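# Structural features, examined
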Amino acid sequence: MPVQTPTTRRMHMIRLLSVFFILLACTACTRESPPADEDNATTPQALEPFDAAKQAATLGNWEAAESLVRDALIQDAGNIEVLQLAARIAFERGDPESAADYLADAATGDGYENSSLVQQATIGFVSVGKLYEAIDFLERVVETHPERHEPRRQLFDFLINVEETQRATPHGRKLVRARKFDRVLLFSLGTHEQRDMETNSMAMLSDRNPDDSRLRLAEIRSKFDVGKWEGVEESLLSILEQYPDTVAAQVLLGRYLVETEQFDRLAWWSEFVTEQATETWQYWDILGNLALRQSRYRSAARAFWESTQRNADVAEVFARLASTLAILEADENDIDREMVAAVDRRAQLLARYTQDKERFYKLGNRSNAVARDVALTLLELGRVWEAEAWTAFAMTIPDEAVDEVKEAREKIISQLRRDLPWQVTTGHPAIALDLSDFPKPQFQPLAESGEAYANTSFKHAVVPSLRDRASERGLGMEASSRSAKGDAIPIFAQMESGGCAIDFDLDGWSDLYVARSDGQPAKLNSSPNRLWRNLNGQFRSAGEQAGIGDRGFAQGVTFGDLNEDGFPDLVVLNYGVDRVFLNNGDGTFREGDGWIPKDPTSWSTSAAIADLNGDGLSDLYCARYCAGLEAVKLACHDAETGLESPCLPTQFAAARDHVYAGTERGGFEDVTDQWAAAPLQLGRGLGVVAGQLDSRPGIDLFVANDMTNNHFWSPDATSKSFRLGESSVLAGLAFDARFRPQACMGIATADLDDDGDVDLFVTNFEQEHNTLYEQARPGTWVDRTATRGIRETSFSQLGFGTQAIDFDNDSHLELIIANGHVYRDAEAPSSYAQKMQILGRQDANHFRL
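Presented here is an overview of the structure given in this document. Please read all numbers here as calculations on a predicted model, not as lab measurements.

## So, the overall build of the protein chain
When helices and strands are counted, the protein chain shows 27 helices and 26 strands. For 849 residues, the compact-globule formula gives about 29 Å, and the C-alpha radius of gyration of the protein chain, at 32 Å, lands near that figure. For the C-alpha atoms alone, the extent of the protein chain along its principal axes is close to 115 × 60 × 60 Å. Buried positions account for 56% of the 849 residues belonging to the protein chain.

What follows is the structure in structure tokens.
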């Protein structure tokens with residue numbers, strides 16, 4: 001998702017083109033022109049070539065003017081006025097490319113003193129799609145006149161557009177320190193992980209100059225960022241064949257091979273790499289990924305560290321460095337644990353910064369409170385100049401948090417001084433880290449993967465046939481009344497209610513509980529939740545008799561033995577007051593009044609019951625979504641049509657999850673603050689799973705968050721009292737392979753690669769992909785979606801619930817996914833109603849739909 005207004009970039013480029021035509025038409029010559037009156041005109045042959053060319057131009061005789069100005073150029077090749085006239089004549093003769101070259105020569109001959117002439121030459125290059133020539137020209141201008149801000153800003157923007165962020169960054173920093181910045185510059189300056197600019201203006205330039213294949217880099221990068229690999233390699237190779245020194249194409253080709261796990265081809269790729277490319281952060285990140293794949297952890301750490309030395313602002317590199325150091329700390333015990341924590345913290349702060357920027361964009365760039373949050377995160381990162389710029393920008397937004405912004409600004413300004421470096425290193429150990437004594441990685445061939453049997457297809461003894469038997473088994477339920485609403489389904493009504501299979505009467509048959517949410521949040525006006533008792537495979541409604549027909553706005557439900565009496569109890573998660581129902585053991589339930597605090601504004605979605613602290617009592621982890629009731633009150637509108645449209649979750653503040661400890665007297669005690677350190681980035685939780693997910697003792701919790709990084713909680717072995725520590729970045733579970741937070745929802749937990757440990761499958765939004773996290777080593781997961789054949793099956797689907805089940809009894813688990821869109825007007829190939837999917841095992845390492 002983009003984090004800055006695409007129209008801003010596009011309109012800026014269009015303005016440049018239109019201004020060029022105006023300026024050329026108005027190009028003035030300083031020498032006095034002969035009279036235009038034909039009766040008094042001197043014949044061109046009697047004049048000097050320059051004057052004759054001017055007179056022919058005045059009379060509109062462009063063909064003669066072109067011939068005469070050539071003579072003038074031969075006579076006085078470096079004359080600025082002659083070059084300007086030649087530019088105008090070339091333009092009028094339909095040769096804007098030559099016009100741009102003449103203007104550039106004129107500006108160069110002038111020592112770039114004339115700002116107007118510099119601007120004309122720049123616009124001239126852009127008008128004919130010669131963007132790289134404009135970049136070279138502006139670099140000379142800025143080198144000659146470092147005090148000029150306008151050409152530096154143009155150079156910064158152009159470099160960003162051609163994927164040269166490392167070259168652009170120093171210019172952006174100088175502009176910030178000179179107080180010459182705006183929102184677009186601030187967004188561009190701090191973005192490295194993905195392309196955030198629109199591609200239309202670059203496509204327009206490519207149309208004007210189709211011979212320059214480099215102008216397609218924006219399009220290629222955009223495809224790369226969404227995992228659409230078709231044609232990416234061919235396009236990059238065509239660029240490198242024509243322009244072998246194009247650093248952006250070199251590093252993007254290497255990253256493509258890493259993303260598609262073609263590590264065996266990286267030695268071939270290294271033949272394309274120039275010395276200039278080896279000084280980019282991407283080059284060393286690629287080497288680190290190769291070393292990591294080869295289990296050469298010290299070399300991987302060295303490569304990732306080298307990457308951070310070239311760019312200290314890339315979250316994914318710090319995340320990989322942190323997880324690699326954690327492996328070394330566990331295996332070799334010669335790595336400082338506090339250093340691992342410091343690197344991990346920087347990765348999380350950088351991720352929070354990116355996500356806050358995106359939230360600011362989703363709020364229409366109008367929330368000074370979120371802009372302040374961005375600034376405070378930058379301050380924590382030691383990027384004080386940038387932090388001050390964000391607060392200065394926030395002060396221009398007429399929003400409610402003016403006093404908070406002023407307070408943050410004063411705090412930041414108090415730390416500024418003229419000699420303060422852009423990146424403060426004191427107090428930032430992750431920046432001061434030195435791994436120069438670790439071995440550098442080499443392009444060594446990959447060892448055999450041990451997957452020799454991977455292409456051997458499984459032979460299925462049984463092909464299961466699934467049929468809908470709900471009605472004949474007695475499970476009919478009326479449709480939700482929300483189905484009568486219009487297209488703009490509000491965000492709180494998009495996720496339905498959930499349910500669970502629970503043998504509440506302990507007769508050996510699974511009963512079903514399904515929650516409802518067709519009323520309003522925080523009110524008790526939804527249809528009653530339903531309980532069906534399973535009688536030898538036939539279901540009978542039992543909710544009214546059982547006393548658990550809660551009418552709150554339900555979002556999820558879970559069960560477990562809360563009071564240790566041997567019978568499963570229920571916890572219903574509402575947008576409003578959550579409810580506990582204790583099983584009486586006779587087919588009825590009673591409300592567990594007082595078990596958990598009553599918060600009428602909380603938005604609970606999912607929960608897990610487990611003995612987290614090992615005291616023999618059940619505890620409860622409750623995932624929360626957005627904070628407060630703002631999501632109920634706020635109406636969002638489409639920016640283009642003005643019509644009411646669903647709000648995005650990032651338009652609302654995330655809510656902190658809650659942890660409740662079971663007590664000996666019965667009931668829960670809120671231990672959120674005592675047990676769980678607040679995560680650096682709050683999540684919008686939709687899915688929770690509890691269990692011993694890695695090989696370490698104790699219960700872990702994986703929380704699937706919507707559009708923010710996931711969380712992974714484990715008992716903190718370093719704490720004297722029981723606490724939970726969050727380590728999703730170290731564990732590789734915070735993001736997908738491209739270090740993006742996804743709209744994570746459902747979780748299937750099982751050994752999905754038959755190697756004896758726990759893997760995680762997570763469902764996501766349309767145009768993302770469902771993600772398979774395989775546990776590659778104890779406590780470390782890797783996104784294997786691309787190589788397991790899963791990515792393409794889910795791009796047009798919006799996945800909610802999911803489970804791993806062996807449908808065909810062959811000992812290999814299948815994955816079942818419940819799909820359905822939240823937008824009635826979902827664009828093709830997606831749709832509002834969607835079929836469920838089953839992913840079966842094709843062979844040892846691949847799934848198929």
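## Focus: the pairing of strand 3 (residues 530-535)
By the bridge criterion, three bridges tie strand 2 (residues 511-514) to strand 3 in an arrangement that is antiparallel. Note that in strand 3 the partner of Leu512 across the bridge is Trp532. Across four bridges, strand 3 lies against strand 4 (residues 538-541) in antiparallel orientation. Bridge pairing in strand 4 links Leu535 to Gln538. Hairpin connection between strand 3 and strand 4: a loop of two residues separates the two successive antiparallel strands, and Asn536 in this loop has a positive phi of roughly 55 degrees.

## Quick word on the pattern of salt bridges
For side chains bearing opposite charge, pairing can occur when the charged atoms are close. Tallied over the entire structure, the rule returns 45 salt bridges. A salt bridge links Lys130 to Asp101; the shortest N-O distance between them is 3.3 Å. Of this pair, Lys130 sits in the loop between helix 6 (115-127) and helix 7 (131-144) while Asp101 sits in helix 5 (residues 96-109), and the two are 29 residues apart along the sequence. Asp550 is paired through a salt bridge with Arg579; the nearest N and O atoms lie 2.2 Å apart. Taken as a pair, Asp550 in the loop between helix 24 (543-546) and strand 5 (554-560) and Arg579 in strand 7 (residues 579-583) lie far apart in primary sequence, 29 residues in all. The buried category is assigned to Asp550, whose relative accessible area is 4%.

## Comments concerning the packing of helix 12 (residues 217-225) against helix 13 (residues 232-242)
Taken N-terminus to C-terminus, the directions of helix 12 and helix 13 make an angle of 150 degrees; their axes are 10 Å apart at the nearest point. One finds that helix 12 runs roughly antiparallel with respect to helix 13. Handedness of the crossing formed by helix 12 with helix 13: left-handed. Residues Leu217, Ile220 and Lys223 of helix 12 form the contact with helix 13, whose own contacting residues are Val232, Ser235, Leu236 and Ile239. In terms of residue class, the contact of helix 12 with helix 13 is built from five nonpolar, one polar and one charged.

## A few points about the side chain of Asp550
At 3.1 Å, the side chain of Asp550 and the side chain of Asn574 are in polar contact. In terms of polar contacts, Asp550 uses its side chain to reach the side chain of Arg579, at 2.2 Å. Contact partners of Asp550, with chain neighbours within four places excluded, come to Ser527, Pro528, Asn529, Val572, Asn574, Arg579 and Phe581.

## What about unusual backbone geometry?
In the segment running from Ala828 into Pro829, the intervening peptide bond is cis, with an omega of 10 degrees. Within the fold, Pro829 resides in the loop between strand 24 (814-819) and strand 25 (837-843). The phi dihedral of Tyr112 falls on the positive side, at around 60 degrees, and the residue is not glycine. Relative to the elements of secondary structure, Tyr112 occurs in the loop between helix 5 and helix 6.

## So, the environment of Tyr823
Inspection of the secondary structure puts Tyr823 in the loop between strand 24 and strand 25. Overall, Tyr823 belongs to the partly exposed group, its relative accessible area being 22%. Once the C-alpha coordinates of Tyr823 and Pro646 are considered, the two residues, 177 residues apart in sequence, prove to be 8.0 Å apart. Among residues more than four places away in sequence, those in contact with Tyr823 are Gln494, Pro646, Leu648, Phe765 and Tyr832.

## Here's the deal with the sheet that holds strand 2
Strands sit in the order 1-2-3-4 across an open sheet of four strands; the sheet is antiparallel. Of all strands in the sheet, those bounded by a partner on one side alone are strand 1 (499-502) and strand 4. Between one strand axis and the next, the sheet turns by 20 degrees as a mean value, whatever way the strands run. Sheet topology note: the strand 1/strand 2 ladder contains four bridges and is antiparallel. Paired with Cys500 across the two strands is Tyr513, which belongs to strand 2.

## Topic: the packing of helix 20 (residues 368-381) against helix 22 (residues 402-413)
One can describe the packing of helix 20 onto helix 22 by two numbers: an axis separation of 9 Å at closest approach and a directional angle of 20 degrees. With respect to their mutual orientation, helix 20 and helix 22 come out roughly parallel. Regarding helix 20 and helix 22, the two cross each other, and that crossing is left-handed. Packed against helix 20, whose contacting residues are Asn368, Arg372, Ala375, Leu376 and Leu379, the element helix 22 presents Val402, Glu404, Val405, Ala408, Lys411 and Ile412 at the interface. The residue makeup of the contact of helix 20 with helix 22, split by class, is seven nonpolar, one polar and three charged.

## Looking at the packing of aromatic side chains
According to the stated counting rule, one finds 23 aromatic pairs in the structure shown. Seen in terms of ring centroids, Phe712 and Trp781 are 5.3 Å apart; in terms of plane orientation they differ by 65 degrees. Their pairing is edge-to-face. Here the residue Phe712 occupies a position in strand 17 (residues 711-715), and Trp781 occupies one in strand 22 (residues 780-783), the gap between them amounting to 69 residues. Across the pair, exposure class does not vary: Phe712 and Trp781 are buried alike. An aromatic cluster of at least three residues, connected via ring pairs, comprises Phe187, Phe360, Trp390 and Phe393. In this structure, Arg214 packs its charged tip against the face of Tyr132, placed 3.8 Å from the ring centre. Between Arg383 and the ring centre of Tyr353, over which it is positioned, the NZ or CZ distance is 4.9 Å.

## Points about the environment of Ala319
The topology assignment puts Ala319 in helix 18 (residues 315-331). The exposure class of Ala319 is buried, given its relative accessible area of 5%. For Ala319 and Ala351, which are 32 residues apart along the polypeptide, the C-alpha to C-alpha distance reads 9.5 Å. If sequence neighbours within four positions are ignored, Ala319 has contacts with Ala347, Val729 and Phe739.

## So, the state of the cysteines
Under the criterion given, the structure shown has one disulfide. Note that Cys636 is cross-linked by a disulfide to Cys647, the S-S spacing being 1.9 Å. On the S-S bond that ties Cys636 to Cys647, the torsion sits near 105 degrees, and the link is right-handed. You can see Cys636 sitting in strand 11 (residues 636-637) and its partner Cys647 sitting in the loop between strand 12 (644-645) and strand 13 (658-662), a full 11 residues away along the chain.

## Some thoughts on the side chain of Asp700
Its location among the elements puts Asp700 in strand 16 (residues 700-705). Arg696 provides the closest opposite charge to the buried, unpaired Asp700, separated from it by 4.9 Å. Only 2.9 Å separates the side chain of Asp700 from the backbone nitrogen of Leu693, close enough to count as a polar contact. Among the polar contacts made by the side chain of Asp700, one reaches the side chain of Ser714 at a distance of 2.8 Å. Apart from residues lying up to four places away in sequence, Asp700 is in contact with Val689, Ala690, Gly691, Gln692, Leu693, Asp694, Phe712, Trp713, Ser714 and Pro715.

What counts, and at which threshold
- Residues numbered from 1 in each chain as written.
- Predicted model: local features only at pLDDT ≥ 70, side-chain atom pairs only at ≥ 80, totals over all residues.
- Heavy atoms only, no water.
- Helix = DSSP H or I, 4+ residues; strand = E, 2+ residues; numbered from the N terminus.
- Rg over C-alpha atoms; globule rule 2.2 N^0.38 Å.
- Buried < 20%, exposed > 50% of the residue type's maximum accessible area, 1.4 Å probe, protein only.
- Pairing = 2+ DSSP bridges.
- Salt bridge = Lys/Arg side-chain N within 4 Å of Asp/Glu carboxyl O.
- Axes fitted to C-alpha atoms, helices over the stretch in contact; angles between N-to-C directions.
- Parallel < 35°, antiparallel > 145°, perpendicular 65-115°, else oblique.
- Left-handed = near helix turned anticlockwise from the far one by under 90°.
- Contact = heavy atoms within 4.5 Å.
- Nonpolar A, V, L, I, M, F, W, Y, C, P; charged D, E, K, R; others polar.
- Polar contact = N/O pair within 3.5 Å; in protein donor to acceptor, adjacent residues only side chain to side chain.
- Phe/Tyr/Trp six-rings, centres within 6.5 Å; stacked < 30°, edge-to-face > 60°.
- Lys NZ or Arg CZ within 6 Å of the ring centre and 35° of its normal.
- Disulfide = S-S within 2.5 Å.
- Lys, Arg positive; Asp, Glu negative; His and termini not counted.

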